[in-house]
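Here are the chains, one letter per residue:
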Amino acid sequence: MPSEDWYIEKLVQELKDGDQTATVLILCAMMELDLLKESYQVAIQDLGGLEVLLNLLDTDDIRCKIGSLKILTKISQNVQLRQTIVKMRGLQRMVNNLDLPVKELQALAAETIKNVATSRRARRIVREHGGIGKLVKLLECFSNPAERRANMEEDLEVARCAASALWICSKSTKNKEAIRSAGGIPLLGRMLRSPLENMLVPVVGTLQECASQEAYRAAIQSEGMVKVFVKKLKSNNTELQMLCASAIFKCAEDEGTRDLVRRSRGLQPLVSLLAKADNKQLLAAATGAIWKCSLSMENVAIFQENNVLQILIGLLTDQPEEVLVNVVGALGQFAQIPANTTTICRGGSIKILINLLKGTNQALLVNVAKAVGACATVKDNVEILFVLDGIHLLWSLLQNPSAEVQCSAAWALCPCIGNAKNAEIMALSLIGGLELVVNLLKSTNNQVLTSVCALVAKLAKHQKIVEVLSERGAVPLLTRLTDTTDNRLRCYLAEAIEHLCLWSTNRESFGECGAVGPLVRYLKSKDSRVLLSATMALYELSKEPNNIITMHKEGAVPQLIRLIGSDDHKLQEFAAGCLRNIRLLARANQRAAR
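What counts, and at which threshold
- Residues numbered from 1 in each chain as written.
- Predicted model: local features only at pLDDT ≥ 70, side-chain atom pairs only at ≥ 80, totals over all residues.
- Heavy atoms only, no water.
- 1 Å grid on protein atoms, 1.4 Å probe; cavity = no way out; pocket = protein on both sides within 12 Å on 5 of 7 lines; lining within 4 Å.
- Points joined across faces, edges and corners; volume = space filled by probe spheres on them.
- Nonpolar A, V, L, I, M, F, W, Y, C, P; charged D, E, K, R; others polar.
- Helix = DSSP H or I, 4+ residues; strand = E, 2+ residues; numbered from the N terminus.
- Salt bridge = Lys/Arg side-chain N within 4 Å of Asp/Glu carboxyl O.
- Buried < 20%, exposed > 50% of the residue type's maximum accessible area, 1.4 Å probe, protein only.

Caption draft 1: Molecular detail of the layout of surface pockets. Empty space within the largest pocket amounts to approximately 640 Å³. Lining of the largest pocket is provided by 25 residues; of these, Gln333, Val366, Asn367, Lys370 and Ser408 occupy positions nearest its centre. Of the residues assigned to the lining of the largest pocket, the class counts are 12 nonpolar, 9 polar and 4 charged. Its volume calculated, the second largest pocket comes out at about 200 Å³. Looking at the second largest pocket, the residues that line it are Gln208, Met242, Ser246, Phe249, Lys250, Gln281, Ala284, Ala285, Glu322, Val325 and Asn326. Elements with a contribution of two residues or more to the lining of the second largest pocket: α17 (238–251), α20 (280–293) and α23 (321–334). Here the lining of the second largest pocket gets 4 residues from one element, more than from any other, and that element is α17. Among the residues forming the lining of the second largest pocket, the class breakdown is 5 nonpolar, 4 polar and 2 charged.

Caption draft 2: Inspection of the pattern of salt bridges at higher detail. For the structure on display, the rule yields 20 salt bridges. Glu104 is the salt-bridge partner of Lys70, the closest N and O atoms lying 3.2 Å from each other. Here Glu104 lies in helix α8 (residues 103–116) and Lys70 lies in helix α5 (residues 62–75), a separation of 34 residues in the sequence. Residue class for Lys70 comes out partly exposed when judged on its relative accessible area of 32%. Put simply, Asp527 and Arg529 hold a salt bridge, and the shortest N to O gap is 3.8 Å.

Shown next as structure tokens:
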């Protein structure tokens, strides 16, 4: 047996058999070994040393506890040993030691929990045994380094280790809620003011992890933490920069945070981080923050001044998907400005975007479809998309299993159809695509249904397409949706019905399927868009006598009279037109009765 293996075996054996004093001495001897060496770690486990070390956490001897944790902190960096520690109820013992009023012991227990709680099961165990509340309580040990007092270094180390453990635990959704319930947000906010970067890293790490929840984002904004994130973007610590950018990325979902980042002069530092393209984690966080901040057009204007569009276009190649999702998301926002779509489409970048439509990453597909759809809002770009097969690829995304991808593709196709020179020919060349559209009307997802109804409304402006949609059962499927209470869906649904009424006997079919009654009830809506769409649909339906009878029974007349007094001239016109059709039928019946 090699001498070092013999030595570790002897130490483990003595650890099993020795008294308290001997145990402390053996633990000291073990700490002198290179415990990061895998052969030592495996030997400690195989020889039964791991069980002994965990049992020492249940003793009353503080020295044995501290010695055991010092060793466990190092060997728990081994994946296999971490799993074994969890199985041997090691985490429960570590959590129990967080209560003991010994600073070094608390810090070591928290540090070891950080190493071990890397799996979902381990994080659940920490929560279920009260570990989250105990770790949050340890954050109270933090005091500003500017305040000189006794044992300050020990207190800071306890707070740092507790924050590190919470960072790992916060990867589980229920733990995020547990941290908030335990009062962790204000304590983390207080620690955020620390000038010590080794303290800031786990604190910002925890906050950015929890910022996926709305309650945390609101607290981060209200307690002024966003300004600190912006300030630390200029730090020399790349990990801290990455975490701050990631926090802004998640928090900038809210308009108030986006405005705050701009007012705090945080947009320029984010742009500066794009120069560190070799650090992919940092690049992903920076591009994500730029994407979300670009949801506000005021921020886009500032990014434009800093040449961000060209930088983003340059990042479309040779990047991991995590970066591409954010880059393309930002490009989709920049493309809201027509001049930018020309820059995208006239260069080679549009080819790259269209090629990305062939991928399988659903988040990337959603953003690429949005970007391509934004480019299609300019008529001249649609022909480019058609030649490069981009429109065909968008149609194919309608059969993607992801509802979000389906929704994004349908919205992107709307301007493609609306601005195409030969939309009818384009759509009819893809009969399979029209079948997909009709099938998606059977979806149970309101977002998908809304986008598909909007697409049907665009397609139905062309008579031959209406014929195909009608033959494939679009009328009864659209009628089935009329009972919805979703105002956005109601708006596009009514618009689709209006356009489908222009073909053959569809007016009569909608009446027979029962679409008229629900549409009349839409006239009570307080949403102006719903009122206009419903009135326009009823105007078309009122050209069929049987539908007028239904409208009369449903009380449409007083509602239409009320709408004639609207400030919206278009709404006035269609309400009056519908009433005219009702009146004409009534007069015709009177004449016939004579």
